[in-house]
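Survey of secondary and tertiary structure
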Amino acid sequence: MMKKSAPALVRRIPWVLVVFVAALTIPWVGSRYDTFLATQIAISALFAMSLNLLLGTTGLVSFGHVAYFGIGSYVCGILMKTYAVPFSIALPAAAIGSALGALVFGFFCVRLTKIYFAMLTLAFSQIIWAICYKWNDVTGGDQGIPDVPYPNLDWMSSIPLLGDLRIAQQFYVLTLIVVMLSLAAIQRIIASPFGLMLTTIRENPERAASIGLNVRRYELSAFVIAGGFAGIAGALFGIFNRGVFSDFVYWPKSAEVMIMTILGGIDHFWGPVVGAATLVLLNQEITSYTQYWPFVLGTILLLLLFVFPGGIVGGLTTGLEWLRRKTGRRASA
Amino acid sequence: MFEVSFLFGQFLGGLTTAMFLFLIASGLSLVFGVMRVLNFAHGSFFMIGAYLAWQAVQWLAPALHSFWLAALAAALGVALLGGLIERLLLRHIYGREELYQLLLTYALVLILGDAAKIIWGTQQLSVSRPPMLAGGFQVLGATLPTYNLFIMLTGVAIAVAGWFVLTRSPAGRMVRAAALDREMLGALGANVGALYTGMFVASSFLAGLSGALVTPIQSIVPGMDVEVIVEAFIVVVIGGLGSFWGTFWGSVIYGQVLSFGILILPGFSLFSVFALMAVILIVRPWGLFGRPLR
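Nothing here was measured: the structure is a model prediction, and the numbers come from that model. The residue count restarts for each chain, going from 1 along the sequence in the order it is written. Working convention: letters from A go to chains and numbers from 1 go to ligands, in the order in which they are written. With pLDDT at 70 or above as the cut-off, local features in this predicted model cover only qualifying residues; side-chain atom pairs require 80 or more to be listed or tallied, and sums for whole chains, interfaces and linings still use all residues.

1. Re the overall build of chain A
Runs of E in the DSSP output that reach at least two residues are strands. Runs of H or I that reach at least four are helices, and both are numbered from the N terminus. When you go through chain A residue by residue, the secondary structure sums to 17 helices and two strands. Each radius of gyration is computed over the set of C-alpha atoms, and the globule rule expresses the reference value as 2.2 Å times the number of residues to the power 0.38. For chain A, whose C-alpha radius of gyration is 21 Å, the value lies close to the compact-globule estimate of 20 Å for 333 residues. Oriented by its inertia axes, the alpha-carbon framework of chain A measures out at about 70 × 50 × 40 Å. Relative to its 333 residues, chain A shows a buried fraction of 48%. Here, residue contact means that the backbone-derived C-beta atoms of the two residues sit within 7 Å. Relative to all contacts within chain A whose residues are 6 or more apart in sequence, the contacts with residues 24 or more apart total 76%. Put simply, a residue is buried when 20 or more other C-beta atoms lie within 10 Å of its own C-beta and exposed when 12 or fewer do; between those, it is partly exposed, and each C-beta is set from the backbone.

2. Re the overall build of chain B
Scanning chain B for helices and strands turns up eleven helices and two strands. Helices (α) and strands (β) of chain B occur, in sequence order from the N terminus, as α-α-α-α-β-β-α-α-α-α-α-α-α. Projected onto its principal axes, the C-alpha coordinates of chain B cover approximately 60 × 50 × 35 Å. Per-residue burial over chain B gives 50% buried out of 294 residues. Across chain B, contacts joining residues at least 24 apart in sequence account for 77% of those joining residues at least 6 apart.

3. Some points on the interface of chain B and chain A
The partner chain A presents 32 residues to the 32 residues of chain B that form the contact. It is helix H4 (residues 98–120) of chain B that provides the largest number of residues to the side of chain B that touches chain A, a total of 15 residues. The nonpolar class holds Ala, Val, Leu, Ile, Met, Phe, Trp, Tyr, Cys and Pro. Asp, Glu, Lys and Arg form the charged class, and all remaining residues, Gly among them, are polar. Of the residues in the side of chain B that touches chain A, the class split is 27 nonpolar, three polar and two charged.

4. Here we look at helix H7 (residues 114–134) of chain A
One less than the number of residues in a helix, times 1.5 Å, gives the span that helix is expected to have. Look at H7(A): 31 Å from first C-alpha to last across 21 residues, which is about the 30 Å you get at 1.5 Å a residue. Most of H7(A) is tucked away: 19 of the 21 residues are buried.

5. Here we look at the nonpolar core
Membership of the largest hydrophobic core comes to 211 residues, with the highest contact counts inside it found for A:Leu46, B:Ala53 and B:Met277. Discounting residues that sit within four places of it in the chain, A:Leu46 has contacts with A:Val179, A:Ser182, A:Leu183, A:Phe229, A:Ile232 and A:Ala233. Joining buried Ala, Val, Leu, Ile, Met, Phe, Trp, Tyr and Cys residues through C-beta atoms within 7 Å gives a set, and that set is a nonpolar core.

6. Description of the environment of B:Leu90
Residues and elements named next belong to chain B. In this structure, leucine 90 sits in the loop between helix H3 (66–88) and H4. Each C-alpha atom of the pair leucine 90 and valine 37 lies 9.0 Å from the other, and the pair is 53 residues apart in sequence. Sequence-distant contacts of leucine 90, defined by excluding residues within four places in its chain, comprise Val37, Ile85 and Phe200.

7. What to know about the packing of H7(A) against helix H11 (residues 269–283) of chain B
Inter-axis angles, ranging from 0 to 180 degrees, are taken between N-to-C directions of lines fitted to C-alpha atoms, where helices are fitted over the stretch in contact. Their axes nearest at 9 Å, the elements H7(A) and H11(B) cross at an angle of 155°. As far as their axial angle goes, H11(B) and H7(A) are roughly antiparallel. By crossing handedness, the relation of H7(A) to H11(B) is classed as left-handed. Across from A:Tyr116, A:Met119, A:Leu120, A:Ala123, A:Phe124, A:Gln126, A:Ile127, A:Ala130, A:Ile131 and A:Lys134 in H7(A), the residues of H11(B) making contact are B:Leu270, B:Phe271, B:Phe274, B:Ala275, B:Met277, B:Ala278 and B:Leu281. Any angle from 65 to 115 degrees is called roughly perpendicular, while one under 35 is roughly parallel, one over 145 is roughly antiparallel, and all others are oblique. Each crossing is labelled by how the near helix is turned from the far one, with a counterclockwise turn of less than a right angle marking it left-handed and a clockwise turn marking it right-handed.

8. Re the pairing of strand S2 (residues 142–145) of chain B
Residue and element names in this part refer to chain B. Both strand S1 (residues 136–139) and S2 contribute to a ladder of four bridges, which runs antiparallel. Bridging from a neighbouring strand, phenylalanine 137 pairs with leucine 144 of S2. Where S1 hands over to S2, the hairpin turn is made up of two residues, of which leucine 140 adopts a positive phi near 50°. Only strands joined by at least two bridges in the DSSP assignment are considered to pair.

9. Re the environment of B:Ile229
Note that B:Ile229 resides in helix H9 (residues 224–239). Once residues lying within four places of it in the same chain are set aside, the contact partners of B:Ile229 are B:Phe40, B:His42 and B:Gly43.

10. Details of H4(B)
For H4(B), with 23 residues, the first-to-last C-alpha span of 33 Å sits near the 33 Å given by 1.5 Å per residue. Following H4(B) by one or two positions, B:Gly121 adopts a phi angle in the positive range, close to 75°.

11. Looking at the confidence of the model for chain B
Per-residue pLDDT for chain B has a mean of 85; in total, 97% of the residues score no lower than 70. Overall fold confidence for the complex sits at a pTM of 0.87, while the interface term, ipTM, reaches 0.83. pLDDT is defined as a per-residue confidence score from the predictor, taking values between 0 and 100.

12. Comments concerning unusual backbone geometry
A positive phi is found at A:Asp147, a non-glycine position, where the angle reads about 55°. Here B:Arg36, not a glycine, exhibits a phi torsion of approximately 60°, which is positive. Along the chain, the position of B:Arg36 falls in the loop between helix H1 (4–35) and helix H2 (42–60).

Take a look at the structure:
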């Protein structure tokens, strides 16, 4: 009896809130460097999570997701640096800008399937890259937009404990709030009837169409939502990185976030978060004694594809299942 | 507006780019057409070919005609590497979701890119032009380096040879049959596994050869792999993924758009080729010369 009620109890815990509270303690319990890493993980996690809305939930292989991350970071960076617009306006503007970009590009992309879909998303992301790289007057060309200012966080100074933190740590708190709200929203979207329709499309697009679903419209909606959240991640990253540069949008970055997502596991909600955390920490660890991080990453990717196609969370779930079956059998015998 | 000789020069420049890209993209397109695998690592094979050629020239330096021997050795080396990769890795992912295929070949991009850095370092390397092709001559007032002419002729020769092998030889017939229906070909007793390995080796050979041939006019730098693969993608998308002549005309169009795009929209020629790729994918996803996939 206990065994059956345990998963239900586990499911009832608001995990996003638990993770939020745990991550919130980092500036006080960890070093400044830990906060730096945690900020990077939080932003990457949101980016990977937004991609997984396409990859895992809807089954769309986008090889150009970095375009929307890039639009978000450029919109936010330009607004805050050039026009001194406050963060509270620049962030929604970045999300809307990216979602609009995703709407225009996605409109064409969802008409294609499989490899052609992947190629068209790649082409669009390279168009965005070419614009960012060459349109010197607006995007700063290959110089990018250096010194994007931190948002004005004076309101935090009146809050006890928060007020004593440095600006980078306060920005971490802000990032965490934005990311966790976004994750909660994504969780609601996936669990909603709309999200279930997306899963149906992933499992069998022909059947979804034959029961009267407008597959393209659903796919486009998923594309736009994913683009919007990627834009939020991009906006945060531009500020965190203290500058927005055209490499943000270069195509290998799309592969990177895809690896993050797969590494965690695309079949589980927390997969992309686990993948982001693992990859950021691993990168930190490995680059401290070799410059050949891509080599290591490629090897990890090979292992992942051949040995653990379900990613870390997928592997753990299978392992736990196996353990439970093993112990269950022993108990009944 | 512009003088004829200038325009003709642009045209010739575009044609040289085109034939280079054809050499690179033909292998990519063949592998996609038959094996349905979009090989991101094709650009890495190109880069390894360039490095191997440089290495071979260093070793052979005093010998006569060392460049030609080096180019051949580089192409063969890359072909061997391609064969190993197909046998050990790619073989296991045919028929799996395209996500896994894309990521597997991307893993190879990461590994080969760093392997090249570990072996040859990060400084620019270059190979001098073979003496017999050193000069240049005047055509309609534009200067055409002899080496560029050689590249153009090589491109055309490879195109004709490829067409001949594909349509007139037993091996070519098997390749075309495999592209249409792999399982049926296997059921008829053909060794499809060996055919795939052969295809991949041939494709790697072409990539390695083009990498070697590019060394006299372009310096060898890390990052040339990810740059060239995107260009090759554009070319095969324009012509049609898997279509051999499509790849040829796709390269010609790409070369001309790039070299005249600079005149019309300075600074935005990069944009114009990606836009061309997107437009083709939107209007005719199977390319100008391809056929829709089943």
